[in-house]
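Spelled out, the chains give:
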Amino acid sequence: MTTNAHQERPSRTELGRVLMSGGALASDWAPSFAAVPRSSFLPDLMWPFDMTTGRSVPVSRSQDAAAWYGYADSDVPVVTQWDDGKHSGTEPGQVSTSSASMPSVVFRMLRDLDVQPGNRVLEIGTGTGWNAALLAHRLGTESVVTVEVDEAVAAEARTALNLFGLPVLVIHGDGCKGYPEGGPYDRIIATCGFRSIPFAWVEQCRPGGVIVAPWGTHYGNDDAVARLVVSADGASATGAFTGPVEFMKARTQRLLPVVHSEYVTGSEADRAKSFAPITEGEFMAERFSPKRFALGLRLRQCVHVVGEKRDGARPVWFYGLSDRSWACVMFRDGQREAQVWQSGPRRLWDEVAAALAWWRAAGEPDYERFGLTVTQHGQRVWLDRPSQAWDI
């Protein structure tokens, strides 16, 4: 295995300490963290997320090695590709389409995966190859297969893995189909967000095997890590969510941007008007709030967009994905009620209000009380136990 002269950097040592003290890095993964630095799988030009400015910034190793290694050894996500590879130049592109996840997220998901000696693992979403390298260091290169949908990303990861001395099998293909030629697997892990867990993964996983994947709804980007266990008969996989995450979405399951003008048409007479006894503070939630995740579970085929606040007023829009129903709630500073407009076959704000009331009546459940069940017929979400499930 290739040695790395920068493995003993103080910043790496500090990152390991932070991950250990925060509970993300379990003791059984500490040797792999120490032996496989993320920096060995990052490109010369990358775009880490700067916590101070709140945006992605270009950093080049050849031009500023100290800054480059500082970000590589930090608990921040790093974008490595924009706009499906169509981007050029040093400034960030429009849409981030490949990245190296925050180390804390990586090791929490690996902890959820609970690999055991002799396990065979399928990874969906190779990215830089770092996650596959960590698995290969723990289990052996012959025990790991990784699938990447982007041919250029797959080639770069394959090169990085080979150079590091962990020549994992990298397959260029659609991860939704898995890779049956390498199965059956004891563990499957996805490193991109899904809206529907492919049943192909269940079929390629042994009974009792574990599937770990970021999952969410089109309502927003608030995903959670689903940890599913395949049933003894292989007919289903079910399990609870372990906590919130936000990942780039699998390319085949991306939602196209909503075109506002295709929804808000016609005259004022076509819109139902009312007032809702709710303030912006009562509706809005902090990032990774279980409230927003729960709303997505209850509001089928709906996406919401939070508008910018201007002159003390903030609109929140809701768009139906199965028809052209829409709703808008306008929050104003200092007012206890919000103006609501609704149009179309669905009364989307009424559905939102009902979902909020349901969440509160259920005791404002956190992520871990929700779960997911996947069968060949689709997927269902549940609260507290699989018997309390509904279609999603």
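### Here we look at the environment of R55
Tracing the chain through its elements places R55 in strand β2 (residues 55-56). Residues R55 and T238, 183 residues apart in the sequence, show an inter-C-alpha distance of 36 Å. Excluding anything up to four places from it in sequence, R55 contacts P48, F49 and D50.

### Things to note about the pattern of salt bridges
Taken as a whole, this structure holds 20 salt bridges when the rule is applied. For the salt bridge of R254 with D84, the shortest nitrogen-to-oxygen distance reads 2.8 Å. Separated by 170 residues along the polypeptide, R254 in the loop between β12 (236-245) and β13 (272-276) and D84 in the loop between β4 (78-82) and β5 (96-100) bring together distant segments of the chain. Relative accessible area serves as the criterion here: at 35%, R254 is assigned to the partly exposed category. Members of the salt-bridge network, linked through shared partners, are D84, D150, R251 and R254.

### What about the pairing of strand β9 (residues 185-190)?
Most of β9 is tucked away, with 6 of its 6 residues classed as buried. In terms of strand pairing, strand β6 (residues 121-124) meets β9 through 4 bridges, oriented parallel. Counted as the bridge partner of E123 is I189 from β9. Relative to strand β10 (residues 205-215), β9 runs parallel, the two sharing 4 bridges. Following the sheet pairing, R187 is matched in β10 by V210. As a crossover connection, the stretch from β9 through helix α7 (residues 199-204) into β10 is right-handed.

### So, the sheet that holds strand β16 (residues 326-332)
One open sheet holds the 5 strands; their spatial order is β13-β17-β16-β15-β14, and the pairing between them is antiparallel. Edge positions in the open sheet fall to β13 and β14 (302-306), since each of these has one partner strand only. When the angles between neighbouring strand axes are averaged without regard to direction, this sheet yields 20°. Where β16 lies against strand β17 (residues 338-343), 5 bridges are found, and the strand directions are antiparallel. Residue pairing across strands places V329 opposite V340, the latter belonging to β17. Of the strands in this sheet, β13, β14, β15 (313-320), β16 and β17 touch helix α10 (residues 348-361), which is tilted by about 100° from β15.

### Details of the packing of helix α9 (residues 290-298) against α10
Relative to each other, α9 and α10 sit at 120°, their axes nearing to 9 Å. The angle between α9 and α10 falls in the class oblique. In the crossing of α9 with α10, the sense of the turn from one axis to the other is right-handed. Each of P290, K291, A294, L295 and R298 in α9 lies in contact with α10, whose residues at this interface are V352, A355, L356, W358 and W359. For the contact of α9 with α10, a count of residues per class yields 8 nonpolar, no polar and 2 charged.

### Observations regarding the confidence of the model for the protein chain
On average, residues of the protein chain score 95 in pLDDT, and 98% of them reach the 70 mark or higher. Overall, residues 2-6 carries pLDDT values under 50, and its contacts beyond four positions in sequence, including any with other chains, amount to 9 contacts.

### Re the packing of aromatic side chains
The geometry of an aromatic ring pair comes down to the distance between the two centres and the angle between the two planes. All chains considered together, the criterion is met by 19 aromatic pairs. Seen from their ring centres, F318 and W349 are 5.9 Å apart, and the 55° between their planes marks the pair as tilted. Here F318 is found in strand β15, whereas its partner W349 is found in helix α10, with 31 residues between them in sequence. Grouping aromatic residues by their ring pairs yields a cluster made of W215, F241, F293, W358, Y367, F370 and W390. For R324, the ring lying beneath its charged end belongs to Y263, and the centroid distance is 4.7 Å.

Thresholds, definitions, all that
- Residues numbered from 1 in each chain as written.
- Predicted model: local features only at pLDDT ≥ 70, side-chain atom pairs only at ≥ 80, totals over all residues.
- Heavy atoms only, no water.
- Helix = DSSP H or I, 4+ residues; strand = E, 2+ residues; numbered from the N terminus.
- Contact = heavy atoms within 4.5 Å.
- Salt bridge = Lys/Arg side-chain N within 4 Å of Asp/Glu carboxyl O.
- Buried < 20%, exposed > 50% of the residue type's maximum accessible area, 1.4 Å probe, protein only.
- Pairing = 2+ DSSP bridges.
- Right-handed = clockwise from strand over helix to strand, strands pointing away.
- Axes fitted to C-alpha atoms, helices over the stretch in contact; angles between N-to-C directions.
- Parallel < 35°, antiparallel > 145°, perpendicular 65-115°, else oblique.
- Left-handed = near helix turned anticlockwise from the far one by under 90°.
- Nonpolar A, V, L, I, M, F, W, Y, C, P; charged D, E, K, R; others polar.
- pLDDT = per-residue confidence, 0-100.
- Phe/Tyr/Trp six-rings, centres within 6.5 Å; stacked < 30°, edge-to-face > 60°.
- Lys NZ or Arg CZ within 6 Å of the ring centre and 35° of its normal.

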